[in-house]
Amino acid sequence: MFVPRSVKVKPPAPKPASTALKSTRKRDHETFKNENESTSAAAKGKEQVVDHAPPPADAKDVQMKRELATLVELSLTDHALWCTPELRQILETQPEGWLSFETLIRHASLLKNLEASPNELAQALRTYGSGRLELRLSLTTRSARSGAMFDVRRKDWDVLKDQNLRDMSEEDWNARTIYLENIPPQHYKTKHDLVSFFETCLGTPSEPIVVQDIAFPPKEGREESDTKCRGFAFIVCNSSAVAVKATKEWSWTGFNTRFRETLGGESMDVEVEGEPHGTGDRIWLAKRCGFRAITRQRWTELRDEYLAYRDVLIAKLNARPEPKHHDGSEIDYVDWTKGLDSCYVRLSSPEHADRMVHYFTKYVQCQVEPLDGEITQSVTPKMFKNRITAKLVKGEREEIYWRNVPQKIKRAAFAKNRDTEESLPQAEEAKPPRKRRKKGDTGWSM
């Protein structure tokens, strides 16, 4: 047996002293050269530029901070103060309109359930706010103890003191509320995206707090507002003039014309993940998606019209004549396999079959549970999918059905319906089995 010898890796050979000395001298020379250049640059009065740029922020973190800043701004709008009398009374007692973040979080409905601290809200507002609110270091001992180091107020706090929000009514705010539909999916992920998109489409990003509040219509059968945007929303504007402007520029019936304007060209700006879209890109996308707006009053009228029309359709589906009682002689046979949701029903005459199909086509009926003995006649829209349907079996399907029916049942059906036996497919007569001959048997007998 051959065993190879072990091959050892030779250690690296040490560098000659002359080579190591040359490399050391080279490094010292380069170090001295760099130090000399920096010294000479400082002597000439030139400032060296050192790149200490912070690492790029995470897109999700930036989006979250922008959302926090928007929620703080929405918590101090006229509509938010009108809906929160406690916060409004506290603000009226402040001579300069300053509020601590601790007080704002305790009373504002948009900030109560957030996990962000007061200082995190202040930092987000300072970095990503729209500039409509002001910040300062807190001067109260209570705020310092709780960790809330900043106070906040509106820039137009002097104008706010002159306004009497108590005289506003719900009808006044409804006149300033509009309904938006077909919002592009890229711009309703957060309330910040929706506010920025609406202000861009309206062309008034510099006006003070255009959007007063955002709400989403409730789902069908619920009274509470939805917490997630699904492409449509209610926007409360700061004035009736802004609401009228939005409904005129993005009219309810003119979205087809605006869509045709986008067919001639492409998007004006390139979408960058984590960055806001350009003005031209947002307007182009709004036209492309069919973005439109109507007043809340008009939306209420359309909703009532739809509900009335739906009730009429349901009433027509549920309106059916009293079923006639039969003795069961019209039904000859029911071919049903356990576990299936379909069966074959053989009736005594073609007239009865046509009448049965016509009844289930015109009047919708269904079973709530599979084992229900009675049919539910009051059908809801959700139950409409599971309605009972009936179809006539003709042609090739009828031939396939009779081909699979056992001979015993087939003969009984023919015997009972002798008058219509000619119209039914004839069963093939079973041939007797062929007798096998024994070996050597010629078939002749003497």
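Notes on the structure follow. Keep in mind the model is a prediction, meaning the values are calculated, not measured.

A word on the nonpolar core. Residues Ile-178, Leu-180, Phe-198, Ile-214 and Ile-235 are the most contacted members of the largest nonpolar core, which totals 25 residues. Secondary-structure elements contributing two or more residues to this core are strand S4 (177–181), helix H10 (191–202), strand S5 (211–215), strand S6 (232–237) and helix H11 (240–249). In terms of residue count, the dominant contributor to this core is H10 (six residues). Once you skip the residues sitting within four places of it in the chain, Ile-214 turns out to touch Leu-74, Lys-191, Leu-194, Val-195, Phe-234 and Ile-235.

With that settled, consider the sheet that holds strand S1 (residues 99–100). Judged by pairing direction, the sheet is antiparallel, and its three strands sit side by side in the order S1-S3-S2 without closing on themselves. Where the open sheet ends on each side, the last strands, each with one partner, are S1 and strand S2 (133–137). Here five bridges tie S2 to strand S3 (residues 150–154), and the two strands are oriented antiparallel to one another. Across the sheet, Leu-137 pairs through a bridge with Phe-150, a residue of S3.

Another aspect to go through is the environment of Trp-157. Tracing the chain through its elements places Trp-157 in helix H8 (residues 157–162). Considered as a pair, Trp-157 and Gly-97 are 60 residues apart in the sequence and their alpha carbons are 5.9 Å apart. Among all residues touching Trp-157, those that are not within four sequence positions of it are Pro-95, Glu-96 and Gly-97.

We now examine the sheet that holds S6. The sheet built from four strands is open, its strands ordered S5-S6-S4-S7 with antiparallel pairing. Edge positions in the sheet fall to S5 and strand S7 (292–295), since each of these pairs with one other strand and no more. Averaged over all pairs of adjacent strands, the angle between their axes in this sheet comes to 30 degrees, without regard to strand direction. As paired elements, S4 and S6 share five bridges and run antiparallel to each other. When the bridges of S6 are listed, Ile-178 appears paired with Ile-235. The strands touched by helix H14 (residues 296–318) within the sheet are S4, S6 and S7, with S7 carrying the most contacts at an inclination of about 90 degrees.

Each value, and the rule that gives it
Residues numbered from 1 in each chain as written. Predicted model: local features only at pLDDT ≥ 70, side-chain atom pairs only at ≥ 80, totals over all residues. Heavy atoms only, no water. Core = buried A, V, L, I, M, F, W, Y, C linked by side-chain atoms within 4.5 Å. Buried < 20%, exposed > 50% of the residue type's maximum accessible area, 1.4 Å probe, protein only. Helix = DSSP H or I, 4+ residues; strand = E, 2+ residues; numbered from the N terminus. Contact = heavy atoms within 4.5 Å. Pairing = 2+ DSSP bridges. Axes fitted to C-alpha atoms, helices over the stretch in contact; angles between N-to-C directions.

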